[in-house]
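# Structural characterization, general
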Amino acid sequence: MEMNASYTSLVAVGDSFTEGMSDLLPDGSYRGWADLLAARFAARDPRFRYANLAVRGKLIGQIVEEQVAVAAAMSADVVTLVGGLNDTLRPKCDMGRVRGLLEEAVEKLTPSCKQLVLMRSPGRNGPVMERFRPRMEELFGFVDELAERHGALVVDLYGAPALGDQRMWDVDRLHLTAEGHRRVAEAVWQALGQAAEDDWRTELPAAVPVRWLARRSGDVRFARQYLGPWIMRRLTGRSTGDGRLPKRPELLPYGTPGDHRLPQGARES
């Protein structure tokens, strides 16, 4: 990859991971790694254009139906595509269908952009991860195959132990913290040939042991606030993304009103 390659536009396609949950801002909106990445490019060139079509809860079929054609029509320099992981978390998942839809998305997006970026998504270490690991690894193996066939980049977040650390994940145990999103932005930045700012793979210091009672109390709160509602949505066929529109549906300069742009050279903690 050419270092300091020149890119003038970015379109992000996917689900909650790309929408930016749970990198919460004071106004109640979500930022996330894609916004941070766009801000870094815009700090170099204020004309840099960015669209984020990702919507929380979307399955790969919905991503293909609602986002892929729109993204392809924008003819951006860079398109990021992350999808299919929500499918693997469903009790019943047709992995053959997931692979077919992901391939359809890649085939439509590749000729529309200079560089397609795919990812092996991170996963939070724990029992849920272990339960769904075989499906996730099957998905990521296919991502590697698609990238090789179509000349896409693959950012391997799954292979970075630091991003599996439970402290990188929000209390809902499904979405990265602000620090996790910052590291993903740095990983994609480097994959696109830009000079490294730091080592996003650096692991956190050893964790202070949490007492048994505190762990169990946390588990109870998690089950009540997040796991129970998540199960109910699965049983009723609902999604947190139902009726929700993308936060940046048009390919516009990143500095337009409402953007949460970092000053040049600034970093988020």
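In case you missed it, the structure is sitting above this.
For clarity, every value in this text was computed on a predicted model and none was experimentally measured.

## Let's talk about the sheet that holds strand β4 (residues 115–120)
Overall, mixed pairing links the 6 strands, which are arranged β5-β4-β3-β1-β2-β6 in an open sheet. Looking at the sheet topology across the chains shown, the edges are occupied by β5 (153–156) and β6 (248–253). Each adjacent strand pair in this sheet contributes to an overall mean axis angle of 15 degrees, direction not counted. For strand β3 (residues 78–82) and β4, the ladder comprises 4 bridges, and the chain directions are parallel. What sits directly across from V79, in β4, is L116. Helix-sheet contacts for helix α5 (residues 95–109) involve β3 and β4, and the interaxial angle to β3 is about 175 degrees.

## Description of the packing of aromatic side chains
Each aromatic ring pair is summarised here by two numbers: the centre-to-centre distance and the angle between the ring planes. Throughout the structure, instances matching the rule amount to 6 aromatic pairs. Considering the side-chain rings of F17 and W33, the 5.8 Å spacing of their centres and the 40 degrees angle between planes classify their relative orientation as tilted. Taken as a pair, F17 in helix α1 (residues 16–19) and W33 in helix α2 (residues 33–44) lie far apart in primary sequence, 16 residues in all. With respect to burial, F17 and W33 carry one shared label: buried. When the centroid spacing of 5.1 Å and the interplanar angle of 10 degrees are considered together, the rings of F41 and F48 count as stacked. Neither F41 nor F48 differs from the other in exposure class; each is buried.

## As for the nonpolar core
Judged by nonpolar contacts, the single largest core of 39 residues is most densely connected at V11, V13, L81, L102, L109, L116 and L118. If you list the elements that add at least two residues to this core, you get β1 (9–14), α3 (60–74), β3, α5, β4 and α6 (127–150). Beyond its immediate sequence surroundings of up to four residues, L109 is in contact with V68, A71, A72, V79, L81 and L116.

## Points about the pairing of β4
Summarising burial for β4: 6 of the 6 residues are buried, a large majority. Of the two faces of β4, the one carrying Q115, V117 and M119 and the one carrying L116, L118 and R120 are both buried. Pairing geometry for β4 and β5, over 4 bridges, is parallel. Residue pairing in the sheet places R120 in a bridge with D156 of β5. At this point the chain moves from β4, through α6, to the parallel β5, and the crossover so formed is right-handed.

## Things to note about the environment of H181
Within the element layout of this structure, H181 appears in helix α8 (residues 178–191). Spatially, the C-alpha atoms of H181 and A34 are 8.4 Å apart, while their sequence positions differ by 147 residues. With near-sequence residues (within four places) excluded, H181 lies in contact with F17, G20, M21, S22, D23, G32, W33, L36 and L176.

## Some remarks on the pattern of salt bridges
Applying the stated criterion across every chain, the model contains 19 salt bridges. Salt-bridge contacts for K58 lead to E66; the nearest nitrogen and oxygen are separated by 3.2 Å. Taking the relative accessible area as the measure of exposure, K58 reaches 7% and is therefore buried. Put simply, E179 and R182 hold a salt bridge, and the shortest N to O gap is 3.1 Å. With E179 and R182 both in helix α8 and 3 residues apart, the pair spans about one turn of that helix. Relative accessible area serves as the criterion here: at 11%, R182 is assigned to the buried category.

Rules behind the numbers
- Sequence order as written defines residue numbering, which begins from 1 separately in each chain.
- Residue-level local features of this predicted model are given only where pLDDT is at least 70; pairs of side-chain atoms are given and counted only at 80 or more, and the full residue set underlies all totals for whole chains, interfaces and linings.
- Water and hydrogen atoms play no part in the side-chain values, which are based on all heavy atoms of the structure.
- Pairing between strands is defined by DSSP: at least two bridges between them are needed.
- Where helices and strands are cited, they refer to DSSP runs of H or I of at least four residues and of E of at least two residues respectively, numbered from the N terminus.
- For helices, the fitted line uses only the C-alpha atoms of the stretch in contact; every axis is such a line through C-alpha atoms, and the angle between N-to-C directions lies from 0 to 180 degrees.
- In what follows, a contact means two residues having at least one pair of non-hydrogen atoms within 4.5 Å.
- Any pair of Phe, Tyr and Trp rings, taking the six-membered ring for Trp, is counted once the centres come within 6.5 Å. Such a pair is stacked with planes under 30 degrees apart, edge-to-face with planes over 60 apart, and tilted for the rest.
- Exposure classes here rest on a 1.4 Å probe applied to the protein chains alone. A residue is buried below 20% of its type maximum, exposed above 50%, and partly exposed in between.
- Side-chain atoms within 4.5 Å are what join buried Ala, Val, Leu, Ile, Met, Phe, Trp, Tyr and Cys residues into a set we call a nonpolar core.
- Here is how to tell: hold the view so the strands point away, follow the path from the first strand over the helix to the second, and if it runs clockwise the crossover is right-handed.
- We define a salt bridge as a contact between a side-chain nitrogen of Lys or Arg and a carboxyl oxygen of Asp or Glu at a distance within 4 Å.

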